[in-house]
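# Fold and geometry: a report
The chain contents come next:
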Amino acid sequence: FLIISSLVNIVLDLLFIRSFGMGVRGAAIATVIAQGISVVLCLIYIVTKAKILLPEKRHFEPDRGLYMELLAQGFSMGFMSSIIYVGSIVLQPGINSLGYETIAGHTAARKLFSFSMMPLSSMAQAVNTYVAQNRGADNRERVRKGIRYAYIFCFSVTACLILLVTPLAPTMVHLISGSSDPTVLGNGARYLRVAIPFFFALGLVNCSRLALQALGEKILPLLSSFIELFGKIIFAMVFIPRYHYSAVIWCEPIIWCFMAAELVISLYRNPYMRKGKSGN
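These numbers were taken from a predicted model, which means no experiment stands behind them.

## Overview of the overall build of the protein chain
- Of the regular secondary structure elements, the protein chain holds 10 helices and zero strands.
- Helices and strands appear in the protein chain in the N-to-C order α-α-α-α-α-α-α-α-α-α.
- Expressed along its principal axes, the backbone C-alpha trace of the protein chain runs to roughly 60 × 60 × 35 Å.
- Out of the 280 residues belonging to the protein chain, those deemed buried represent 37%.
- Pairs at least 24 apart in sequence give 75% of the contacts found in the protein chain among residues at least 6 apart.

Encoded structure:
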């Protein structure tokens, strides 16, 4: 259904923007129509093939304990996301002070960064669902095995990205930015070549944080966000004014390592993960 929706979106974009001359408005309408088609297809499939997903009257009966748990998890995740974005806002003025060429190269590199992160982000979401389901089924060994395989996946993706990005980084930055300025290409390529090898640490952060949330933890995942926020504040106030773009490049990779250490240790010290080991 996602593939169908994407193809419909592309066709409608071409039709509304190029043929009808509707511009941005046409792109917006095309997106809404494509998403609407996807929703309808999903609903048809659920009604015909997956009726177990349809809620019944009994599912709407109040459950105070469940509501409180959902609210606690929701507020924890929302607060965590807020802290992450505040950290990005804190770091941005330091980047903006470094000049146009630096901003242009960094912006292009961040777009490539976001694209490259998609496999790791998807795996983290899968870990969240997988761990929660198997925790509910009390299948501890599958939880451990799933997390272990997720870590292996993060390492493998990082290795592939290193092999792909290291030689092609300037070309990729050029394709994204459209610039041939050596400073822009150099800054963007330097950012990618430093950040990509640390994707394994970032993968550990995302998978471990969502696994902890799936196990019912609320404070420990939040603590990692405070580590990120304080780290970015320190870099913005102390290191960027002194070391300029080099500090920007190394800021997040160093913070990821600290976050990964906190989260992995917290995950494997979780009572549910430890139970059944070493006589516990």
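## Quick word on the state of the cysteines
- All chains considered together, the criterion is met by zero disulfides.
- For the unlinked cysteine Cys-251, the closest cysteine sulfur is that of Cys-257, found at 12 Å.
- According to the relative accessible area criterion, Cys-257 is partly exposed, its value standing at 35%.

## Focus: the packing of aromatic side chains
- Using the criterion set out here, one finds 12 aromatic pairs in the structure.
- For the ring pair Phe-79 and Phe-226, a centre distance of 6.1 Å and an interplane angle of 70 degrees mean the geometry is edge-to-face. A residue pair is termed long-range when its members are at least 10 positions apart, and Phe-79 in helix H3 (residues 64-96) and Phe-226 in helix H8 (residues 219-243) qualify at 147 residues.
- Note on Phe-79: relative accessible area 42%, which makes it partly exposed.
- Geometrically, the ring pair formed by Phe-155 and Phe-200 is edge-to-face, given 5.7 Å between the ring centres and 85 degrees between the ring planes. Within this pair, whereas Phe-155 is found in helix H5 (residues 140-177), its partner Phe-200 is found in helix H7 (residues 199-214), the two being separated by 45 residues in sequence.

## What about the nonpolar core?
- Counting residues in hydrophobic clusters, the biggest one holds 55 residues, and the most contacted among them are Val-131, Ile-147, Tyr-191, Leu-192, Phe-199 and Leu-267.
- Those residues in contact with Phe-199 that sit more than four places away from it in its chain are Phe-113, Ser-116, Met-117, Leu-120, Thr-158, Leu-161 and Trp-256.

## Some points on unusual backbone geometry
- Despite not being glycine, Asp-138 shows a phi value in the positive range, around 55 degrees.
- Counting through the fold element by element, Asp-138 comes out in the loop between helix H4 (100-136) and H5.
- A positive phi angle, near 55 degrees, is found at His-244, a position not held by glycine.
- With respect to the element layout, His-244 can be found in the loop between H8 and helix H9 (245-268).
- Here His-244 falls in the partly exposed class, since its relative accessible area comes to 45%.

## Focus on H4
- In this model H4 runs 52 Å from its N-terminal to its C-terminal C-alpha over 37 residues, within 8% of the 54 Å that 1.5 Å per residue would give.
- Met-118 marks the point of greatest bend in H4, at about 45 degrees, and the proline Pro-119 comes within the next four residues.

## Observations regarding the packing of H3 against H8
- The interhelical angle for the contact between H3 and H8, taken along N-to-C directions, is 10 degrees, at an axis separation of 9 Å. In terms of axis orientation, H3 runs roughly parallel to H8. Side by side, H3 and H8 meet where Ser-76, Phe-79, Met-80, Ile-83, Ile-84, Val-86, Gly-87, Ser-88, Val-90, Leu-91 and Gly-94 of the first sit next to Pro-221, Leu-222, Ser-225, Phe-226, Glu-228, Leu-229, Lys-232, Ile-233, Ala-236 and Ile-240 of the second.
- Of the residues contributing to the contact of H3 with H8, the split by class is 14 nonpolar, five polar and two charged.

## Points about the packing of H4 against H7
- Relative orientation of the contacting elements H4 and H7 amounts to 25 degrees, with a least axis distance of 8 Å. With respect to each other, H4 and H7 are oriented roughly parallel. In the crossing of H4 with H7, the sense of the turn from one axis to the other is right-handed. On H7, the residues that touch Phe-113, Ser-116, Met-117, Leu-120, Met-123, Ala-124, Gln-125, Val-127, Asn-128, Val-131 and Ala-132 of H4 are Phe-199, Leu-202, Gly-203, Asn-206, Cys-207, Leu-210, Ala-211, Gln-213 and Ala-214.

## A word on the pattern of salt bridges
- Counted under the stated rule, the structure contains six salt bridges.
- Here Arg-58 ties to Glu-56 by a salt bridge, and the two come within 3.0 Å at their closest N and O atoms.
- Classification of Arg-58 by relative accessible area gives exposed; the value is 52%.
- Note that Glu-141 is salt-bridged to Arg-144, the shortest N-O span being 3.7 Å. A residue pair is termed a helical-turn pair when its members lie 3 or 4 positions apart in one helix, as Glu-141 and Arg-144 do in helix H5 at three residues.
- Among the charged side chains, a salt-bridge network with shared partners connects Arg-110, Glu-228, Lys-232 and Glu-252.

## Focus: a nonpolar patch on the surface
- A contiguous nonpolar patch, built from Phe-1, Ile-4, Ile-33, Ile-37 and Tyr-45 and spanning about 420 Å² of accessible area, is present on the exposed surface.
- Tallying contributions element by element places helix H2 (residues 23-49) first for the nonpolar patch, with three residues.
- Note on placement: Phe-1 falls in the segment before helix H1 (2-19).
- What makes Phe-1 partly exposed here is its relative accessible area of 40%.

Scoring rules and cut-offs
Residues numbered from 1 in each chain as written. Predicted model: local features only at pLDDT ≥ 70, side-chain atom pairs only at ≥ 80, totals over all residues. Heavy atoms only, no water. Helix = DSSP H or I, 4+ residues; strand = E, 2+ residues; numbered from the N terminus. Buried < 20%, exposed > 50% of the residue type's maximum accessible area, 1.4 Å probe, protein only. Contact = heavy atoms within 4.5 Å. Disulfide = S-S within 2.5 Å. Phe/Tyr/Trp six-rings, centres within 6.5 Å; stacked < 30°, edge-to-face > 60°. Core = buried A, V, L, I, M, F, W, Y, C linked by side-chain atoms within 4.5 Å. Expected span 1.5 Å × (residues − 1). Bend = angle between axes of the 7 residues up to and from the residue. Axes fitted to C-alpha atoms, helices over the stretch in contact; angles between N-to-C directions. Parallel < 35°, antiparallel > 145°, perpendicular 65-115°, else oblique. Nonpolar A, V, L, I, M, F, W, Y, C, P; charged D, E, K, R; others polar. Left-handed = near helix turned anticlockwise from the far one by under 90°. Salt bridge = Lys/Arg side-chain N within 4 Å of Asp/Glu carboxyl O. Patch = residues over 30% accessible without salt bridge, like charges linked within 9 Å, V, L, I, M, F, W, Y side chains within 5 Å. Areas by Shrake-Rupley, 256 points an atom, 1.4 Å probe, with all protein chains shown as cover.

In short, the description is geometric, and any link to function would need to be established separately.
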